[in-house]
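# Residue-level structure breakdown
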Amino acid sequence: MSDINPHAVYQAYIESGNDYADKRGAAELLEGSLKSLKAQITLEAKAAEKMSVAEAELIALSSNKYRDAMKQAIQARTEANRAQVRYTATQALWEAQRSQESSQRAAMRSAP
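What you see is a predicted model; the values in this text were computed from it and never measured. (Residues numbered from 1 in each chain as written. Predicted model: local features only at pLDDT ≥ 70, side-chain atom pairs only at ≥ 80, totals over all residues. Heavy atoms only, no water.)

### Things to note about the packing of helix H1 (residues 6-48) against helix H2 (residues 53-62)
Between H1 and H2, the shortest axis-to-axis distance is 8 Å and the interhelical angle comes to 120°. Taken together, the axis directions place H1 and H2 in an arrangement best described as oblique. When the axes of H1 and H2 are compared, the crossing they make is right-handed. Of H2, the residues touching H1 (which contributes Lys38, Ile41, Thr42, Ala45 and Lys46) are Val53, Ala56, Glu57, Ile59, Ala60 and Leu61. In the contact of H1 with H2, the residues fall into seven nonpolar, one polar and three charged. (Axes fitted to C-alpha atoms, helices over the stretch in contact; angles between N-to-C directions. Helix = DSSP H or I, 4+ residues; strand = E, 2+ residues; numbered from the N terminus. Parallel < 35°, antiparallel > 145°, perpendicular 65-115°, else oblique. Left-handed = near helix turned anticlockwise from the far one by under 90°. Contact = heavy atoms within 4.5 Å. Nonpolar A, V, L, I, M, F, W, Y, C, P; charged D, E, K, R; others polar.)

The structure is reproduced here in structure tokens:
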């Protein structure tokens, strides 16, 4: 009757959950470092030439170094979002299987 393998479900939860946690952590680390990178590039630009902080910030935001870091952060967030979808799908599959088995048991009890 039961084709749910609790060990396989547990493994799927662990693998998808760990993958999501790892990718979410990586995304948050990269996103958190963007402010520091912007500040560093701003200070470097301001030290190199006499300009206002606003002008130096614009240089920082338009720098290849900052844009590359931004792309990496966005890519990491996308990977984390996809990992979250896999984790949520694992949960939904488990719930669907449990519901199906419950329905089968109810049908067997009500059968004459």
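### Thoughts on the packing of aromatic side chains
Overall, the coordinates contain one aromatic pair when judged by the stated rule. Plain terms: the ring middles of Tyr13 and Tyr87 are 6.0 Å apart, the flat faces sit at 65° to each other, and that makes the pair edge-to-face. In this pair, Tyr13 is assigned in helix H1 and Tyr87 in helix H3 (residues 64-110), connecting sequence segments 74 residues apart. (Phe/Tyr/Trp six-rings, centres within 6.5 Å; stacked < 30°, edge-to-face > 60°.)

### Focus: the pattern of salt bridges
Counting across every chain of the model gives six salt bridges. Between Asp19 and Lys23 there is a salt bridge; the shortest N-O distance is 3.3 Å. In this pair, Asp19 and Lys23 both sit in helix H1, four residues apart, roughly one turn of the helix. For Lys23, a relative accessible area of 24% gives the class partly exposed. A salt bridge links Asp19 to Arg86, with the nearest nitrogen and oxygen atoms 2.9 Å apart. Here Asp19, found in helix H1, pairs with Arg86, found in helix H3; they are 67 residues apart in sequence, far enough to count as distant. You can call Arg86 partly exposed: its relative accessible area is 40%. Taken together, the shared-partner salt bridges in this structure form one network comprising Asp19, Lys23 and Arg86. (Salt bridge = Lys/Arg side-chain N within 4 Å of Asp/Glu carboxyl O. Buried < 20%, exposed > 50% of the residue type's maximum accessible area, 1.4 Å probe, protein only.)

### A look at H3
Relative to the 69 Å expected for 47 residues at 1.5 Å per residue, H3 spans 68 Å between its end C-alpha atoms, a close match to the ideal helical length. Among the residues of H3, those classed as buried are Tyr66, Ala69, Ala73, Ala76, Ala80, Ala83, Thr90, Trp94 and Glu101. Close packing links the buried residues of H3 with H1 and H2. (Expected span 1.5 Å × (residues − 1).)

### Focus on the confidence of the model for the protein
Considering every residue of the protein, the mean pLDDT works out to 90; 96% of them sit at 70 or more. Confidence, read as mean pLDDT per element, is least for H3 in the protein (90) and greatest for H2 (95). (pLDDT = per-residue confidence, 0-100.)

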